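Summary of structural features
The chain contents come next:
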There are 2 protein chains.
Amino acid sequence: MNRRSFLTASVAAGLATPALAADGAAPCAPTRGTGDLGLIIERATGSVLIVDTTTRAVVSRIDGLGDLSHATAVFGPSERYAYVFGRDGGLTKVDMLACRIDRRVIQAGNSIGGAISDDGALIVASNYTPGGIKVFDANSLAELASVPAIGANGKSSKTVGLVDLPGRRFAYALYDADEIWIADFSAGATPALTKFTDVGRLPYDANVTSDARHYLAGLFGEDGFAHIDLWAAAPKVDRVSSGYNAGRAKLPIYKMPHLEGWAESNSTLVVPAAGQHEALLIDLETMKEQGRIALHSQPVFCVARPDGREVWINFAHPDNDTVQVLDVFTRKIVHTFRPGPAVLHLEFTPRGHEVWISVRDADRIDIYDVRSREKKAELKAVKPSGIFFTSRAHRLGV
Amino acid sequence: MNRRSFLTASVAAGLATPALAADGAAPCAPTRGTGDLGLIIERATGSVLIVDTTTRAVVSRIDGLGDLSHATAVFGPSERYAYVFGRDGGLTKVDMLACRIDRRVIQAGNSIGGAISDDGALIVASNYTPGGIKVFDANSLAELASVPAIGANGKSSKTVGLVDLPGRRFAYALYDADEIWIADFSAGATPALTKFTDVGRLPYDANVTSDARHYLAGLFGEDGFAHIDLWAAAPKVDRVSSGYNAGRAKLPIYKMPHLEGWAESNSTLVVPAAGQHEALLIDLETMKEQGRIALHSQPVFCVARPDGREVWINFAHPDNDTVQVLDVFTRKIVHTFRPGPAVLHLEFTPRGHEVWISVRDADRIDIYDVRSREKKAELKAVKPSGIFFTSRAHRLGV
């Protein structure tokens, strides 16, 4: 598990000097708890901010992470190390206590996200170019496995919608092959593969519920979602919300909604509709649509408050200055406000008392009190996009 | 928020010398992530072990915490500090990075647990003698408020079943007054109190679901549970599973089942039945009993695997050498094993790949792989009881 030899060319290309705190509030301090840390993507500059959610302050800026458009991050179990997946195929392990890059590899030509195994040992990247997934040792970033995505149609496929499942397993969709695969690494670096074919046209993104039971992939080639109940004795694919645009105009889509941003509230899943100004409510007991909520514009992320009572929603260009709050219990929009130009992402503190919002074109992170709806703080950030708090380390399917 | 003057007599009575790692594996290291730390109660010796769930090792032993029978712990948001509530009224703030007691106060004569506010600012202790709750600054342990529990019957009551709710609120039950109170500290140290009276005879313990919606109190004076839907526009008390012992013998109860140990699996709540060899399944959508599972003996803790598919159950004396695993999806007991004499508690790693089990009378902590059911490691511990991992810091209602 310590194959440094794989790393020769690519390791540590960017050992950045620790930056001073951008707001001067909380300098990089190696002795501190890591449960209240977070990482914010600065997409234009290839940098990330390490932040402290208790003091609402920037701890450090770290440069040299490459192309961070659509970048995502996962965290190791100790909440000290973040793994950042860049669009350029870069996989960067960030030491948030030392405020520097620990290791960095270029693992593909074009990548679309990653995941970490339930035991924290394996990092998996999902790739466009070439397709397939790659598996890395979480400590060393040594490559342990490369799994091509050749579908039943014989073509190499982009992989999307990668999530972790219990037992060193990962699920992902093959965009060009209309398939969903589960790769099981519990026995070692050569995975046992379970393949679901003909799942629906062009799965473009997917997610799994927090109990790792329901995997849903959004379909670009048709209305609806491909669904697998992973708890079933013999899991199979069915279709959910098929034809939800039937009989009405589908709007031009400026930005495909993210399924990473769906929201669970008790047994209700809140999913952004593609091409409509609405969110779909899906009953997780029956997997039937149980309602639609009219929204300000086309939703991008539907983010559940940690208790699940509310879902906070941002929107696609050109209406992306606005956030709406849905009360899932009463099924009403209870609050609408305008943080500023280009709201790209929202992240709640782990127990939901505050929410951090990236306002890209204002170069700002806004921090709101969730109950009073009042703004409590602003942080400077350079074109911020994704916000990731370390509490994600403790969740399944992130 | 920094009232050191309150602390004079009682602070730092036990600044213990950091102990070397009992297993020699992972010495106390101030620079490390805290997401994979845990704390284990050694009840007979008034000490706690700090453990590392990644290396499966003891980091340190800390002495001087007083009477730790029935002790519980909560964690601050940074996952550096643990707050341990002792039976003798001691409240001890443990610095898990420095491996020492940070502060300690004797806050009551007899205490039964505590909680931390959603923003991490307030520590609340629930007391038997005198009754009521006390509120402390999480940094300094300065006392900020004392709220007596005088019920409608005019008597001072023991308080039990204390949990945190979003918005600096706490719910708890008044054992001697048949009441449930919600104390709201969002406006400061003088709480707004909401009181529910005649909730049922002698509420002895309670818990809230992970969405902070359903508060259920077990009743010592009658069969069943008092229930409040906290999301309702006008919350009120109703009764759940009333008379579940009707028409059959109720066994002598050696140990009341803990409601802290109930388990949520999708929309099913698994609750230990008092006085029966069974667990009750309650449907959270309807709050109706939906089934009963026959068990090895009288259950104490029903602990859900983090994905909710399985519930692991331990038992009361004299059958407390055994653990059973319930598959909630199929409603079958799928595994029964005997870790050893006096299994007192179980705690899963945050994403559920391993489970730690305290085997008190073998002076041992056993660590099992959850999927293979195989034992992976043993740790020495002196009469261990409660096991608490820092991931609890990120959950509501703990």
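Bear in mind the structure is a predicted one, so any value in this text is a computation, not a measurement.

Rules of the game
Residues numbered from 1 in each chain as written. Chains lettered and ligands numbered in written order. Predicted model: local features only at pLDDT ≥ 70, side-chain atom pairs only at ≥ 80, totals over all residues. Heavy atoms only, no water. Domains from an automatic or database assignment. Contact = heavy atoms within 4.5 Å. Buried area = accessible area lost by both parts, 1.4 Å probe. Pairing = 2+ DSSP bridges. Helix = DSSP H or I, 4+ residues; strand = E, 2+ residues; numbered from the N terminus. Axes fitted to C-alpha atoms, helices over the stretch in contact; angles between N-to-C directions. Least-squares fit on C-alpha atoms with pLDDT ≥ 70 in both. Buried < 20%, exposed > 50% of the residue type's maximum accessible area, 1.4 Å probe, protein only.

For the rest of this paragraph, the subject is the domain arrangement of chain A. All names here are of chain A. Here chain A is partitioned into domain 1 (28–106 + 341–398), domain 2 (115–248) and domain 3 (256–338). Summarising the inter-unit geometry, the C-alpha centres of domain 2 and domain 3 are found 23 Å apart. Contacts between domain 2 and domain 3 engage 19 residues on the former and 19 residues on the latter. Regarding the contact of domain 2 and domain 3, the summed buried area is about 1,700 Å², with carbon and sulfur atoms giving 58% of it.

The next point concerns the sheet that holds strand 8 (residues 110–116) of chain B. Residue and element names in this part refer to chain B. Reading across the sheet, the four strands line up as 8-9-10-11 and stay open at both edges, with antiparallel pairing between neighbours. Of all the strands in the sheet, just strand 8 and strand 11 (143–147) have a single pairing partner and so form its edges. The mean angle between the axes of side-by-side strands here comes to 20°, regardless of whether they run parallel or antiparallel. For strand 9 (residues 122–129) and strand 10 (residues 133–137), the ladder comprises five bridges, and the chain directions are antiparallel. Counterpart to Leu122 in the pairing with strand 10 is Asp137.

Okay, the relation of the copies chain A and chain B next. Overlaying chain A on chain B yields an RMSD of 0.0 Å, the required transformation being a rotation through 180° with an accompanying axial translation of 0.0 Å. Both chain copies can therefore be described as sitting about a two-fold axis. Scanning chain A for the C-alpha nearest the rotation axis identifies Thr31 of chain A, at a separation of 2.4 Å.

Strands in a sheet are paired, the pairing made by backbone hydrogen bonds, and the direction either parallel or antiparallel. Residues and elements named next belong to chain B. Across the sheet, four strands lie side by side as 24-25-26-27; this open sheet has antiparallel pairing. With partners counted over all chains shown, the strands left at the sheet margins are strand 24 (299–304) and strand 27 (332–337), one partner each. Neighbour-to-neighbour, the strand axes of this sheet turn through a mean angle of 25°, independent of strand direction. Where strand 26 (residues 323–327) and strand 27 come together, five bridges link them in antiparallel fashion. Bridge pairing links Asp327 to Lys332 in strand 27.

Moving on, we come to the pairing of strand 21 (residues 268–272) of chain B. All names here are of chain B. For strand 21, the buried fraction is high: five of the five residues fall into the buried class. Side chains Thr268, Val270 and Pro272 project from strand 21 onto one buried face, and the interleaved Leu269 and Val271 project onto a second face that is buried too. In this structure, strand 20 (residues 263–265) lies alongside strand 21, joined through three bridges in antiparallel fashion. When the sheet's bridge partners are listed, Ala263 is paired in strand 21 with Val270. Hairpin remark: strand 20 followed by strand 21, antiparallel, with two residues in the connecting loop; positive phi at Asn266, about 50°. In this structure, strand 21 lies alongside strand 22 (residues 278–283), joined through five bridges in antiparallel fashion. Bridging from a neighbouring strand, Val271 pairs with Leu280 of strand 22.

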